[in-house]
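# Secondary and tertiary structure notes
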Amino acid sequence: MSIALTPLSPTIGVEIRGCDLSKRLSDEDFRAVLNAYYRYSMVLIRGQQLSAEAQTAFLRRFGTPKISQRKEFHVPGVPEIGRVGNTKHPDGSPSAFLDRHGNLWHSDTASDTHLDGVTMLYCVKTPDVGGDTLFASSVNAYARLPDPLRDRIEGRQVTHNFNKHNDYLLAKNPGSANPLSAEDRAKWPDRIHDLVQTHPATGRKLYFVSPTLMKNISGYSEGESAELAAALVAHATQPEFVLRHVWQVGDLVFWDNRASLHSASPANYSGGERLMHRGYAYMQPPAYSIDHALSAAAET
Ligand SMILES: [Fe+2]
């Protein structure tokens, strides 16, 4: 085993050292990476030099890449990887998707039927100030949930819809992307999931809700659902539970969307451009059990 793990916080995140992802990892090392992914829900690997093709090859080891609907921001020739940031083409039009209003907690999986998905960001450019990404564990949140709140969510179902989120973003930030076609919108009907879930890979309980995509929680009015979702996210994202990632060029970060929430920070960058190469893959939980105990100590 050549890789080393250092937890980034008591509740979420681990840094892995000793990986050069421009080359194919051995099966043994990849299994260690995958175990860390499930165990810590968020993984950081610094100092990488990754082409979009190499990032895609690594992404494919997790599962089946999903092609972003924002086709205008695909890396040319590599549709598995989309550009996120504030870079522009020579004519001044955006060359990356800029989500100025993405500083809201969510899971990238909430709009899908299949909840096990990894999002992978590779940092190509980062400004001197701003552009941090925040993470919080939905597993830790459930484990520390006060009984009255726990009683309100057991046995409930939550309905999410991608179009609700996308309409909100485009209304807040006109011109940041092309509106989706009717055909693309039709690919995103309501998705209904259990609010309280057991993670299939780790056996840990968690709750799953993304307020910006949420339409309602079963058994509650729209207003009650919004209030309950806000309370759940506020509990999950108390300052002591939040991991703030400050980007460096060459960072690769990927996270378990079933087990975590993430948020951008406000896009008031200064001192340079921001550009991330983003991939997402649908995963199948492994056929072996994951040692899921979190450890505050570094391990090798
Ligand atoms: Fe996201």
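As the structure is a computational prediction, the values presented were derived from the model and not from experiment.

### Comments concerning the overall build of the protein
- Scanning the protein from terminus to terminus reveals seven helices and 17 strands.
- A globule of 300 residues ought to have a C-alpha radius of gyration of about 19 Å, and the protein, at 19 Å, matches this closely.
- On the principal axes, the C-alpha backbone points of the protein span a range of 50 × 50 × 35 Å.
- Looking at the protein as a whole, 40% of its 300 residues qualify as buried.
- The long-range fraction of contacts in the protein, counting pairs at least 24 apart against all pairs at least 6 apart in sequence, stands at 81%.

### Remarks on the sheet that holds strand β9 (residues 157–160)
- The antiparallel open sheet is built from three strands, whose spatial order is β10-β9-β13. Only two strands of the sheet have a single partner each, and these edge strands are β10 (191–194) and β13 (214–217). Taken over all neighbouring pairs, the strand axes of this sheet differ in orientation by 25° on average, direction set aside.
- For β9 and β10, the ladder comprises four bridges, and the chain directions are antiparallel. Residue pairing for β10: Q157 is matched across the bridge by D194.

### A look at the sheet that holds strand β8 (residues 133–137)
- Pairing within the open sheet is antiparallel, and its three strands lie in the order β14-β8-β16. In this open sheet, the two edge strands, each paired with only one partner strand, are β14 (243–245) and β16 (260–264). The average angle at which neighbouring strand axes cross in this sheet is 25°, direction not considered.
- Summarising the sheet, β8 and β14 pair through three bridges and their orientation is antiparallel. Residue pairing in the sheet places T133 in a bridge with H245 of β14.

### So, the nonpolar core
- Judged by nonpolar contacts, the single largest core of 68 residues is most densely connected at A36, V43, Y207 and V209.
- Apart from residues no more than four positions distant in its own chain, Y207 is found in contact with S138, A141, Y142, I153, L195, V196 and L232.

What counts, and at which threshold
Residues numbered from 1 in each chain as written. Predicted model: local features only at pLDDT ≥ 70, side-chain atom pairs only at ≥ 80, totals over all residues. Helix = DSSP H or I, 4+ residues; strand = E, 2+ residues; numbered from the N terminus. Rg over C-alpha atoms; globule rule 2.2 N^0.38 Å. Buried ≥ 20, exposed ≤ 12 C-beta atoms within 10 Å, placed from the backbone. Contact = placed C-beta atoms within 7 Å. Pairing = 2+ DSSP bridges. Axes fitted to C-alpha atoms, helices over the stretch in contact; angles between N-to-C directions. Core = buried A, V, L, I, M, F, W, Y, C linked by C-beta atoms within 7 Å.

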